[in-house]
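Structural overview for review
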Amino acid sequence: MAASDRKTPPDTSTEADRPGLDHPSNTPHATSVEDGGRRGRIGSVEIFAAVLVLLIFLREPLAGLLTTPSLATWTTVFVSVMVQAVPFLVFGVLLSAVIAVFVPRSFWARALPKHPALAVPVASAAGVVLPGCECGAVPIAGSLIRRGVTPAAALAFLLAAPAINPIVLAATAVAFPHNPEMVLGRAVASLIVAMVMGWLWLRLGRADWIRLPHRPDLDGLGRGEMFWSAVRHDVVHAGGFLVIGAMAAASINVLVPERWLQTLADQPLLSVLALAGLAVLLSICSEADAFVAASLSQFSLTARLAFLVVGPMVDLKLISMQAGIFGRRFAARFAPATFAVAVTVAVITGMVLL
Amino acid sequence: MNRLTQACIMIFFAAAVLQASVTDLYLRYVKEELRPFLIAASLLLIAAAVMTLWYELRPDPGTTADRTNPDDREATNAEQATSGSPAAVTHDGHAHHEPRVAWLLILPALGLLLVAPPALGSYAAGQAGTAVTTQQDYGDDYPPLPAGDPARTTVLDYAARALFDKGQSIGNRRVELTGFVTPGPDGQPILARMVMSCCAADGRPVKLGMSGNAPTGLANDTWIQVTGRYTDRLTRDPVNDEEIPYIEVDFWRQVTAPKDPYD
């Protein structure tokens, strides 16, 4: 299977022979040709400048829009999701660039068990060390796959890291002072989901579903240039998709009033699905979602556990970022599968532990 | 989009975040503790953009030769079969391979620089249920109110003491609370304050009914400072069916919005 073939050293998979990437076969001189061509016509820098000038004149009408309370709230939530994500995004992107440039491929071959099925639980447990939320994990997982880590292990890490790191578990403990079993339930259920998804990928996943974005400029550069080039690429890429996710989350926040949930709270199965769906739509950072879950007190603990397990693994901003980093074909299969596995595992964990 | 534009957009975005975090603007959107990380992250973004500009704009005669030289490639890759392949020497400057989605990063920067939306207020408070739930019940461990008459405390603290401590730790003392005005379940104005654990997306309201000398005729989102005493009167929030405690208002005055609008 292609997913596991990737790991056999010497690893021949690079940017160049990754499936589905069309490589223009231009020579190094193409750069200067391109630069020369850019000067003659209107390029993106000129468009950017024009947009800025235009916006100076649009300032008044824009400010006027904000007198509508729902639009003002939308903008506040959108901006705050972005601002809050910036440190985590930058941290994740820097770590991913370090992985891409400074950590040799052989390190991953040594650090992870040779057999992909064993690499999955090790990678899931390694999520404990990444202190952050889900925005940073996506570029890191992309970088790991580029560096020859078997996709199953990288995906297990992607799912586990935002949910089981110490900061998130500590926040969960603070949010549920009377239910310490929620912390255990969250850690156990999230780990199980990450491992199940990793193994599922080994059985069913196809390597050509993953289309990592082309990072052409990493070939043939010095280390410093490679590092900053990787940082720039990941910031604009992951950041751009984060914007789409933040807009979606802000829209849900404004359009779906909480009282709609009230009617669902009393039905055991529906309430689990409702909160799992809400976790997807709200796209709250995994360090904060426990506080929101605590405030949804009309729901059962199991339903709230589903909220905490699904949220860091599948939400609008993650789906958007995954589609951007791994490709749409991947996200269209991975997100629904993760959702189904996460809900099932959360319900079972809830029945056993809570 | 070419790399120059990407660098410009990164600088624009980072400058907006930096500007918000060196002023008090960021307090409308995120927790105060995030400030050093915001400043560090935006400086790093600016550094990445400056490095991009430097690599793009420097005159580079001679790099052509370097770039086709397999030895200059990443040292750890040297043993790999790729270094000799034609794909390995591909250096691709094509703009159309660069992500168009990067343009979207302009939007949050504009939101911060041009619009600077207000902190969550009355509208958001009406959308969500009051956030004082049994999870904030600290049992018998309520510390005494701060010294002074009236004792200054927060809306959240008063609500928790009123609901779970039945006002015992408040006793007959006067308390002073700051919050904004929003319509309550019965249409009467109530006092609310948003609490936030990470960013405004998880902001939830804490609501307090006002009896006694309650303010009337104030616009929504007007900030007031209320001095009053404990009362055992309660109502219910129709949004999440949780109890909303009341405060017996002695007097109130209009104040400017606090620097940190969240509890």
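Check the entry above for the structure.
Counting of residues starts from 1 at the beginning of each chain's written sequence and follows it residue by residue. To label them, take the chains in the order written and letter them from A, then take the ligands in the order written and number them from 1. pLDDT decides what is reported in this predicted model: residues at 70 or higher carry local features, side-chain atom pairs at 80 or more are listed and counted, and totals for whole chains, interfaces and linings draw on all residues regardless.

The next thing to look at is the overall build of chain A. Each helix and strand counted, chain A has 17 helices and zero strands in total. Neighbour counting defines burial: a residue surrounded by 20 or more other C-beta atoms within 10 Å of its own C-beta is buried, one with 12 or fewer is exposed, and intermediate counts give partly exposed, using backbone-placed C-beta atoms. The 354 residues of chain A split such that 57% are buried. Helix numbering and strand numbering both begin at the N terminus, where a helix is a DSSP run of H or I of at least 4 residues and a strand a DSSP run of E of at least 2.

Looking at where A:Arg206 falls in the secondary structure, it is placed in the loop between helix H10 (181-204) and helix H11 (223-255). In this structure the C-alpha to C-alpha distance between A:Arg206 and A:Met182, which are 24 residues apart in sequence, comes to 35 Å.

Here we come to helix H6 (residues 155-164) of chain B. All names here are of chain B. Burial within H6 is extensive, with nine of its 10 residues counted as buried. All of the buried residues in H6 are Val155, Leu156, Asp157, Tyr158, Ala159, Ala160, Arg161, Ala162 and Leu163. We call two residues in contact when the distance between their C-beta atoms, placed using the backbone, is within 7 Å. Turning to H6, the residues buried within the fold contact strand E2 (175-183), strand E3 (189-195), strand E4 (204-212), strand E5 (223-236) and strand E6 (243-254). Where H6 terminates, the next one or two residues include Lys166, which has phi positive at roughly 50°.

On to the nonpolar core, then. By convention in this section, buried Ala, Val, Leu, Ile, Met, Phe, Trp, Tyr and Cys residues joined through C-beta atoms within 7 Å make up a nonpolar core. Residues A:Ala156, A:Val193, A:Ala306 and A:Val310 are the most contacted members of the largest nonpolar core, which totals 201 residues. Among the elements that take part in this core, helix H4 (residues 69-101) of chain A stands out by supplying 19 residues, more than any other. Per the annotation, domain bounds derive from an automatic or database assignment of domains. Split by domain, this core shows at least three residues from each of two domains, domain 1 (3-117) and domain 2 (123-254) of chain B.

With that out of the way, let us pick up the packing of helix H3 (residues 44-65) of chain A against helix H4 (residues 106-115) of chain B. A packed helix pair is summarised by two numbers, namely the angle formed by the two axes and the spacing between the axes. Contact geometry of H3(A) with H4(B) gives a least axis separation of 11 Å together with a crossing angle of 55°. Put simply, H3(A) runs oblique to H4(B). Crossing of H3(A) over H4(B) shows right-handed handedness. Where H3(A) abuts H4(B), its residues A:Val51, A:Leu55, A:Arg59, A:Leu62 and A:Ala63 lie against B:Ile106, B:Leu110, B:Leu114 and B:Val115. Asp, Glu, Lys and Arg are counted as charged, while Ala, Val, Leu, Ile, Met, Phe, Trp, Tyr, Cys and Pro are counted as nonpolar; the rest, among them Gly, fall into the polar class. In the contact of H3(A) with H4(B), the residues fall into eight nonpolar, no polar and one charged. Axis angles are defined between N-to-C directions and span 0 to 180 degrees, where every axis is a line fitted to C-alpha atoms and, for a helix, only to the segment in contact. Working rule for angles: under 35 degrees goes down as roughly parallel, over 145 as roughly antiparallel, 65 to 115 as roughly perpendicular, anything else as oblique. In this scheme the handedness of a crossing depends on how the near helix is turned from the far one: anticlockwise by less than a right angle means left-handed, clockwise means right-handed.

Moving on: the packing of helix H15 (residues 301-310) of chain A against helix H17 (residues 328-353) of chain A. Residue and element names in this part refer to chain A. Where H15 contacts H17, the axes come no closer than 9 Å and their chain directions differ by 145°. When the axes of H15 and H17 are compared, the crossing they make is right-handed. Along the contact surface, H15 presents Leu301, Thr302, Leu305, Ala306, Val309 and Val310, while H17 presents Phe339, Ala342, Val343, Val345, Ala346, Val347, Thr349 and Gly350.

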